[in-house]
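Understanding the architecture of this molecule
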Amino acid sequence: MSILHSSIHGCGIGLRSQHFAYIAEHQPNVPWFEILSDNYLIEGTVQREFVQQIRPDYPITFHGVGLSIGSVEPLNKDYLKRLVKLKNELEPAWISDHLCWTSAHGYNTHDLIPLPYTPDVVNHIVERILQVQDTLGERLVIENVSSYMQFKDSNMTEWEFINQVVEKSDCHLLLDVNNIYVSAINHHFSAEDYLLALPANRIKEIHLAGYEDKQTHLLDTHSRPVTEPVWDLFAKAVKHVGDVPVLIEWDNDIPEFSRLLQEADTAKQIQQQNL
Amino acid sequence: MILKELQYDFVGAFFGADIDADKYIVSDDQLTAKQRFGIYKGSVHGVLTQALSDIYPVCKELVGDRFFDHVSSLYINQNPPTSALFADFGGQFSDFLRHFEAAKSVEYLADTAQLEWLRHKAWHSKNQEASDFTTLGNYTEQQQMGMRFALPETASLLQTDYQVEQLWQAHQKGSDIKLTEIDLFRHLNLLVWRIDYTIHMQELSTLQIEFLTAVQEQTPLSSLAEQFTEHLSELLSTSLKNGWIRSFHLGV
């Protein structure tokens, strides 16, 4: 089987442009890369050409922000069209985005804003995920976000909300262990209760990243190593979901590539110890 | 709660309007609703300010971090991103600076920003295939006269009263250009474009920028010949040799 169609397994790394030169020169032994698909939607750009070059050597997945699956605005057709074109060009193993909204009223926040957890919002999201899945011709993988606020109108837990969304839309779930931990601390609930309530059979991928402690709350900055409590929660996640691909994300204060490989090694060890 | 109302109120408040955060968000003994909303507003502005810092590093050095963050915040409120493509954000920053009273003392700031935007644009534009210019001779004279040329899609032309390219170079790490030696208040015609992974900047003569402007406006070869008469041959050969002209097509 060629790399192009090989499956995703083990611990991958989130591809960032700061590491392009290193990857081109050293061709590191990484089982797969996840690309931030929003950064590759313009044809013929440096970024897109780079991924085209390394694609024969590495399986890839897409991870987006701009789908704005929770927005009240119609789905962005131009964005989807570009995403489909990129998908056809690079053949990712799957496409993921976040269970939140990023744009409304014609403006784009480029940030992940949470949703109220109500049955109406479940139905709204499900309808939109179904539309996206029709367009992509495959199941979408949707990620739980970290949050710093809870809405007065929410009348179910976040994990109940996620369960209903993935069941009704028949989509997959990207389990971000760090996001669960951050939200659990910020909103005083049990991260383990949340984790164990998620449908293991829907989980396609696990994300790991680092947060910043702002004293009054944890901020999901992706600018630090994974913390001990998150590694502990990850071990429990491995027991819950089994052998699922894991990814290290690092988006701010990005270190040398070798530092990311160290994080990936730790993830692999914990995964092996807990399977 | 109506989701639309929530999202419209939130987006409005991210970009400058007031919001009654207590209407939507739970307060607790750790943080109030207003503080929790503030975390998101700070995050949205943080992401966009970082984007402007990445696109306009020389402008940031010219005015200092504090002023840059201040002007960025005002810019973000007045020009919130409307595209899902992150690379599209920040294109009006140069115009904003030009009309920003507190920045008028740094009179070359807006044009420096314009140069940095053109470099950003070149990086995020298509590196299109070049035409095979050896086939030009295969066309009839009539076809050739109707021919139109094209600059690379990554290319932009800049005309400014300041030597912002030298200024930009002087602000690069390891540059041996000294700021004190730049004749800043001298007119500049500049072409910015990308070949593969390298962005190029080339100072042009008046005739060259007039020619490339005409090419950019899709002027047919017959009109270029009338406008540039005996200079046409040299202008064309220089442009082709340097990659300033990337492709050609017949007719309209």
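Scroll up a little and you will see the structure.
Quick look at the structure, then. Predicted model only: the values in this text are computed from it and were never measured. Along each chain, numbering runs from 1 in the same order as the chain's sequence is written. A letter from A marks each chain and a number from 1 marks each ligand, given out in the order of writing. Confidence filtering applies because this is a predicted model: local features only for residues at pLDDT of at least 70, side-chain atom pairs given and counted only at 80 or more, and all residues used for totals across whole chains, interfaces and linings. To get the side-chain values, take all heavy atoms of the structure and skip hydrogens and water.

1. Structural notes on the overall build of chain B
- Counting its regular elements, chain B contains 11 helices and 5 strands.
- For 252 residues, the compact-globule estimate of 2.2 N^0.38 gives 18 Å, and the C-alpha radius of gyration of chain B, at 24 Å, exceeds that figure by more than 25%.
- Each of the three principal axes of chain B carries a C-alpha extent, and together these read 80 × 50 × 30 Å.
- Residue burial is assigned from relative accessible area. The probe radius is 1.4 Å, only protein chains are included, and a residue is buried under 20% of its type maximum, exposed over 50%, and partly exposed in between. Taken across its 252 residues, chain B has 47% of its residues classed as buried.
- Exposure was quantified through the Shrake-Rupley algorithm and a 1.4 Å probe, taking into account, for residues, occlusion by the shown protein chains and nothing else. Carbon and sulfur atoms make up 48% of the accessible area of chain B, which amounts to about 12,600 Å² in all. Labels follow the DSSP assignment, with helices taken as runs of H or I lasting at least four residues and strands as runs of E lasting at least two, numbered in each case from the N terminus. What the globule rule says is 2.2 Å times the number of residues to the power 0.38, and the radius of gyration is computed from C-alpha atoms.

2. Here we look at the sheet that holds strand β7 (residues 141-143) of chain A
All names here are of chain A.
- Strand pairing is defined by DSSP finding a minimum of two bridges between the two strands. Ordered by their spatial adjacency, 8 strands build a closed barrel running β1-β2-β3-β4-β7-β8-β9-β12, and the pairing between neighbours is parallel. Strand-to-strand twist across the sheet, computed as the mean angle between neighbouring axes with direction ignored, equals 30°.
- Sheet topology note: the strand β1 (residues 11-14)/strand β2 (residues 33-36) ladder contains 2 bridges and is parallel. By the bridge assignment for β2, I13 is matched with F33.
- By definition in these notes, contact holds between two residues if any of their heavy atoms fall within 4.5 Å. Where helices are involved, their axes are fitted lines through C-alpha atoms of the stretch in contact, as for all axes, and angles between N-to-C directions lie from 0 to 180°. Against the sheet, helix α3 (residues 77-90) makes contact with β2, β3 (60-63) and β4 (95-98), and its axis sits at roughly 170° relative to β3, the strand it touches most.
- Where helix α9 (residues 257-274) meets the sheet, its contacts fall on β1, β2, β9 (203-208) and β12 (246-248), and the angle it forms with β1 comes to roughly 150°.

3. Remarks on the pattern of salt bridges
Residue and element names in this part refer to chain A.
- In what follows, salt bridge is the name for a side-chain nitrogen of Lys or Arg lying within 4 Å of a carboxyl oxygen of Asp or Glu. The full count for this structure, using the stated rule, is 19 salt bridges over all chains.
- Between E43 and K85 there is a salt bridge, with the nearest N and O atoms lying 3.0 Å from each other. In this pair, E43 sits in the loop between β2 and α2 (46-54) while K85 sits in helix α3, placing the two residues 42 residues apart along the sequence.
- Between E212 and K214 there is a salt bridge whose closest N-O contact spans 3.1 Å.
- Residue E212 is classed as buried on the basis of its relative accessible area, which comes to 17%.

4. Focus: the pairing of β2 of chain A
Residue and element names in this part refer to chain A.
- Residue alternation in β2 divides its side chains into two sets, F33 and I35 and E34 and L36, and both sets are buried.
- Traced from β1 through helix α1 (residues 20-26) to β2, the parallel crossover comes out right-handed.
- Orient the strands so they point away from the viewer, and a crossover whose first-strand-to-second-strand path over the helix runs clockwise is right-handed. A crossover links β2 with its parallel partner β3, the connecting element being α2, and its sense is right-handed.

5. Observations concerning the interface of chain A and chain B
- Contact with chain A, which involves 49 residues of that partner, is made by 42 residues of chain B.
- A 1.4 Å probe defines the accessible area here, and the buried area is the portion of it lost by two parts on being joined, summed over both. Summed over both partners, the interface of chain A with chain B buries about 4,000 Å², with 64% contributed by carbon and sulfur atoms.
- Polar contact is the term for a pair of N or O atoms within 3.5 Å; when the atoms are in protein, one must be able to donate a hydrogen and the other to accept it, and sequence-neighboring residues count only if both atoms are side-chain atoms. Summed over the shared surface of chain A and chain B, the result is 17 residue pairs in polar contact (both at pLDDT 80 or more).
- Listed by contribution, the elements that provide at least two residues to the side of chain A that touches chain B are α2, α3, β5 (101-104), β6 (107-113), α4 (119-136) and α6 (177-187) of chain A.
- With 7 residues, β6 of chain A is the largest single contributor of residues to the side of chain A that touches chain B.
- When residues are sorted by character, Ala, Val, Leu, Ile, Met, Phe, Trp, Tyr, Cys and Pro go into the nonpolar class, Asp, Glu, Lys and Arg into the charged class, and all the rest, Gly among them, into the polar class. For the side of chain A that touches chain B, a count of residues per class yields 19 nonpolar, 23 polar and 7 charged.

6. As for the packing of aromatic side chains
- Any pair of Phe, Tyr and Trp rings, taking the six-membered ring for Trp, is counted once the centres come within 6.5 Å. Such a pair is stacked with planes under 30 degrees apart, edge-to-face with planes over 60 apart, and tilted for the rest. Under the definition given, this model contains 31 aromatic pairs over all chains.
- When the ring of F151 of chain A is compared with that of F10 of chain B, the centres are 6.0 Å apart and the planes differ by 40°; the resulting orientation is tilted. Taken together, the residues F151 of chain A in the loop between β7 and α5 (158-169) and F10 of chain B in helix α1 (residues 3-14) connect one chain to another. Accessibility assignment for this pair places F151 of chain A and F10 of chain B in one class, buried.
- Taken together through their ring pairs, the aromatic side chains of Y56, F67, F68, Y75, F89, F93, F96 and F100 of chain B make up a single cluster.

7. Some thoughts on helix α4 (residues 65-78) of chain B
All names here are of chain B.
- Expected helix span is computed as 1.5 Å times (number of residues minus one). Here α4 spans 20 Å end to end across 14 residues, near enough to the 20 Å set by a 1.5 Å rise per residue.
- Listing the buried residues of α4 in full gives F68, V71, S72, Y75 and I76. The buried residues of α4 occupy an angular sector of 140° when projected down its axis, which confines them to one face. Those residues of α4 that are exposed and aimed more than 90 degrees away from the buried face are R66 and Q78.
- Buried residues along α4 sit against α2 (33-55), α3 (57-63) and α5 (93-98). The reported arc concerns the directions from the helix axis to the C-beta atoms and nothing else.

8. With respect to the side chain of H171 of chain B
Residue and element names in this part refer to chain B.
- With respect to the element layout, H171 can be found in the loop between α8 (164-170) and β3 (188-195).
- According to the relative accessible area criterion, H171 is buried, its value standing at 15%.
- Within the structure, the side chain of H171 is placed 2.8 Å from the side chain of E61, a separation counted as a polar contact.
- Ignoring sequence-local partners within four residues, the contact set of H171 consists of V58, E61, L62 and L179.

9. Brief notes about the packing of helix α8 (residues 228-241) of chain A against α9 of chain A
Residues and elements named next belong to chain A.
- Following both chains from N to C, one finds α8 and α9 inclined at 45°, their axes separated by 9 Å at the closest point. With respect to each other, α8 and α9 are oriented oblique. Handedness of the α8/α9 crossing: right-handed. For the pair formed by α8 and α9, the contact residues are W231, F234, A235, V238 and K239 on the first element and E263, T266, A267, I270, Q271 and N274 on the second.
- Classifying every residue of the contact of α8 with α9 gives 6 nonpolar, 3 polar and 2 charged. Roughly parallel means an angle under 35 degrees; roughly antiparallel means over 145; roughly perpendicular covers 65 to 115; every other angle is labelled oblique. Note on convention: the crossing is left-handed when the near helix lies turned anticlockwise from the far helix by less than a right angle, right-handed when the turn is clockwise.

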